[in-house]
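Chain by chain, the residues run as shown.
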Amino acid sequence: MLNIKIFGIVQGVGFRPFVKNLADAHKIFGSVSNRGSYVEIFAQSSDDDLKNFLDDINHKNPPRSTILKVDINSLPDKNFSDFQIIESIHESGDIFVSPDIAICDKCAEELFDPNNRRYLHPFINCTACGARLTIMKNMPYDRERTSMNEFPMCDACAEEYFNPNSRRYDAQPICCNDCGCEVYLLGKNLRGHDAIKFTRKILADGGIAAIKGIGGFHLACDASNFDAVQRIRDSKTRPTKPFAVMFKDIAAVERECYLSDVEKTFLDSSQKPIVLLGIREQGTGNRIARNVAPNINKLGVMLPYTPLHMLIFNFPDSLILYFPTSLVLTSGNPSGVPITIDDDDAAKNFNFCDAILSHNRKILLRADDSVMDFIDNRPSMIRRSRGYAPLPVFYESNKKSVLAVGGELKNTFCLAKNNLLYASPYIGDVGDLRTVEVLKNSIHRMSDLLEIKPEITACDLHPRYQTTALAEKISSELQIPLIKIQHHYAHILSCMAENNFHGEVIGAAFDGTGYGDDGTIWGGEFFICDSKSYERVAHIKKFIQAGGDKSAREGWRIALAFIKNLDIARELNLADENNLRGQKFLLDKNINCVTSTSVGRIFDAVAAILGICKVSTYEGEAAMRFQACAERSNKKFRAEFMNTEEIFTEILNRRLIGENVNDLARLFHERLAEMTAQICEELSFKYKIKTVALSGGVFQNSLLSSLTNDKLQRRGLKVLRHELIPPNDGGICIGQAVNALQN
Ligand code: ZN
Ligand code: ZN
Ligand code: FE
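All values derive from a computational prediction rather than experimental measurement. (Residues numbered from 1 in each chain as written. Chains lettered and ligands numbered in written order. Predicted model: local features only at pLDDT ≥ 70, side-chain atom pairs only at ≥ 80, totals over all residues. Heavy atoms only, no water.)

Help me understand empty space enclosed by the protein, please; the structure alone is not making it clear to me.
Think of a ball as big as a water molecule: rolled over the atoms, this probe shows where empty space is left. A full pass over the atoms with the stated rule returns 5 cavities of 30 Å³ or more. The computed volume of the largest cavity comes to approximately 190 Å³. Lining the largest cavity we find 20 residues, and of these Pro122, Ile214, Thr306, Pro307 and Arg361 sit closest to its centre. Element by element, the count of residues in the lining of the largest cavity is highest for helix α9 (residues 307-314), at 3 residues. (1 Å grid on protein atoms, 1.4 Å probe; cavity = no way out; pocket = protein on both sides within 12 Å on 5 of 7 lines; lining within 4 Å. Points joined across faces, edges and corners; volume = space filled by probe spheres on them. Helix = DSSP H or I, 4+ residues; strand = E, 2+ residues; numbered from the N terminus.)

This is how it looks when you write it as structure tokens:
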């Protein structure tokens, strides 16, 4: 008899019935059970049958499962008379929690099949699709340990649930039109299909609806309706930050956006992230209103990923012919606070909406939509959340359990154990105390779910981050050590971890702001490092950042520190006279001034002198608009090495003689990439290291990343870049965990 232990994503994906069916086909006696962290099989048969059985397990596993490791041991035979699926037995060990999975094709088909008993059922799901992480309490993944535990199954559902031949065998969120959760409108006496029809009417008429999804509420409106979009902007106080758009189907996407094969694959994958796509100059569908993603050349696009989304677009009612083919679908949250998940908050937060479509399946863990861009035809994650979290990153280190609380902006945290680094869904900007609460609760939930009790905790070096305070509190409560990790070093480590790279690298970390070892602002750093320690061997030329928080949003303030001359600032119309004089005064008197090496701020400053963006209304605005301009130019420039101050001066002088703004934006990218490549080349000679890791939020810029990568490779250097872990602060929890695991 063989005892087989299978590790990986094998829970909640139909693994046990798959094993049972194989066993029956191969005449195997024995059993299969969930052990919490793995699936255990006892298999008894002839050697040939056992061999074929094992081959099939490895090669025909269910579509959403991932086998990471198989342990096989021989045991003495027993008296089995058949093959059985036995009840879950809980054992601790490495746990792989499945992320939430978009509705599968079979369920989508049944959803619109009038003869199916789940016709138009907004929660249709199966063993291969549906909510997972967001409804789980504990492992092993069984109905009573999810938020479906409140809903008894009807007889028909129970029959499918317990029948190994059904595609809903063991599907924990199983329900139907006769049992389980339902949708309803808050504050109105409408439920089920009536609630959906009402919401459709609101949206078709140009209204706004809040809609509860898998990981939280969205705000929705017709994406081609300028006024409706503007209403969402006004009520969210988000004047220009781009909104994501959900299209009815791929055909609708292609009418508005360019879509390459690889983009299509990810857009339509079972994770269904938001993918940033180029907008067609001349679309042929309902044009997306120009205030959806103003001033940039890309649109965040996603496809329906829950049955409810599909019903919103395609419900067979009287609106079927003229319902919009694209809806703005943006996270429903008051400014600065995590996504809303329950009805009380929804009623408070969305009182400006014409409808609030909710449902009674509780969301236990928030999950915003993931956002993905593409660089050189490879994915470049911007926000890693629904569909991806909490899939672990593997990085060999020691066996300790770590909690890394992450950074302050775009926060995610990481729990690590046994070489596995589980990054959480997106939490948000932890400047707000309500977000700190959500972070705390999410840490509790995830540590329970993954059964990780941290033995060490890690945070950023910044003395005033809320996350630092939280980590200090946790470490003293649990009486475990706390280590603080420099921000940019954590960025580089996250990139090394994602590439499973263990040696020494030259790390180039470019971003907006991070606290430096010397108490100044860093953000243009070159390190020699490995997973244990780092040395800052170079940085961009220091400059003065004056004006506190404002200097991070208002690029013209940085520009003035480089220009130093009020007449030129006036000529460029950088700001009004009062502001210019005020800023000059701060600089001259050294008031509210800090030393900075932030590349992000230099981007802002150059965007300001080119007149592209002088003041950002959301984080990253200047950089995005700047890149969009650069991408409009095809001009070629002769490569020349300059430091950042010289680059600034060159762009300024060319601007003052009236050269084309887009060309100059392009030139800036070229110069910065050349500078980076040359510095790395020199470091490579000096330290005999051949690998460069690029990280930090600035490398979200696909043009810069691509140019820098080319120039490094032409110099014979190996380049590590991010793909599925964000280069921005959403990734640093991984880097913190990597370093903590060395201690
Ligand atoms: Zn399904
Ligand atoms: Zn049912
Ligand atoms: Fe950063």
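Would you take a moment to explain the coordination of the zinc ion (ligand 2) for this structure?
When a metal holds four donors in a tetrahedron, each ideal angle between them is 109.5 degrees; when it holds six in an octahedron, the ideal angles are 90 or 180 degrees. Taken together, the protein ligands of the zinc ion (ligand 2) are Cys154 (SG), Cys157 (SG), Cys176 (SG) and Cys179 (SG), with distances of 2.2 to 2.3 Å. With 4 donor atoms in place around the zinc ion (ligand 2) and angles of 103 to 121° between them, the coordination shape is tetrahedral. (Donors = N, O, S within 2.8 Å, 3.2 Å for Na, K, Ca; no water. Tetrahedral: all angles 85-135°; square planar, octahedral: opposite > 155°, others 65-115°.)

Explain the coordination of the iron ion (ligand 3) to me, please; I cannot follow it from the model alone.
For the iron ion (ligand 3), the protein coordination sphere consists of His487 (NE2), His491 (NE2), Asp511 (OD) and Asp729 (OD), at 2.0 to 2.2 Å. Considering all 4 donor atoms around the iron ion (ligand 3), the spread of angles at the metal, 88 to 167°, places the coordination shape in the irregular class.

How should I be thinking about the environment of Arg655 in this particular structure?
Of note, Arg655 is situated in helix α20 (residues 644-656). Its relative accessible area of 25% is what places Arg655 among the partly exposed residues. Through-space distance from the C-alpha of Arg655 to that of Ile544 is 22 Å; in sequence the pair is 111 residues apart. If we ignore the near neighbours within four places in the chain, the residues touching Arg655 are Leu572, Ile609, Leu610, Gly611, Val661 and Leu664. At 3.1 Å, the side chain of Arg655 forms a polar contact with the backbone oxygen of Ile609. (Buried < 20%, exposed > 50% of the residue type's maximum accessible area, 1.4 Å probe, protein only. Contact = heavy atoms within 4.5 Å. Polar contact = N/O pair within 3.5 Å; in protein donor to acceptor, adjacent residues only side chain to side chain.)

Looking at this model, I keep getting lost on the packing of aromatic side chains. Mind explaining?
How two aromatic rings sit relative to each other is given by the distance of their centres and the angle of their planes. Enumeration over the complete set of coordinates arrives at 16 aromatic pairs. Ring centres of Phe510 and Phe526 lie 5.7 Å apart, and the angle between their planes is 80°; this geometry places the pair in the edge-to-face category. One end of the pair, Phe510, is in strand β22 (residues 505-515); the other, Phe526, is in strand β23 (residues 521-529), with 16 residues separating them in the sequence. The same class applies to Phe510 as to Phe526, namely buried. Taking the centre distance of 5.3 Å and the plane angle of 40° together, the rings of Phe543 and Phe562 count as tilted. You can see Phe543 sitting in strand β25 (residues 543-546) and its partner Phe562 sitting in helix α15 (residues 555-563), a full 19 residues away along the chain. The residues Phe543 and Phe562 share a single accessibility class, namely buried. (Phe/Tyr/Trp six-rings, centres within 6.5 Å; stacked < 30°, edge-to-face > 60°.)

In short, geometric facts, not functional conclusions.
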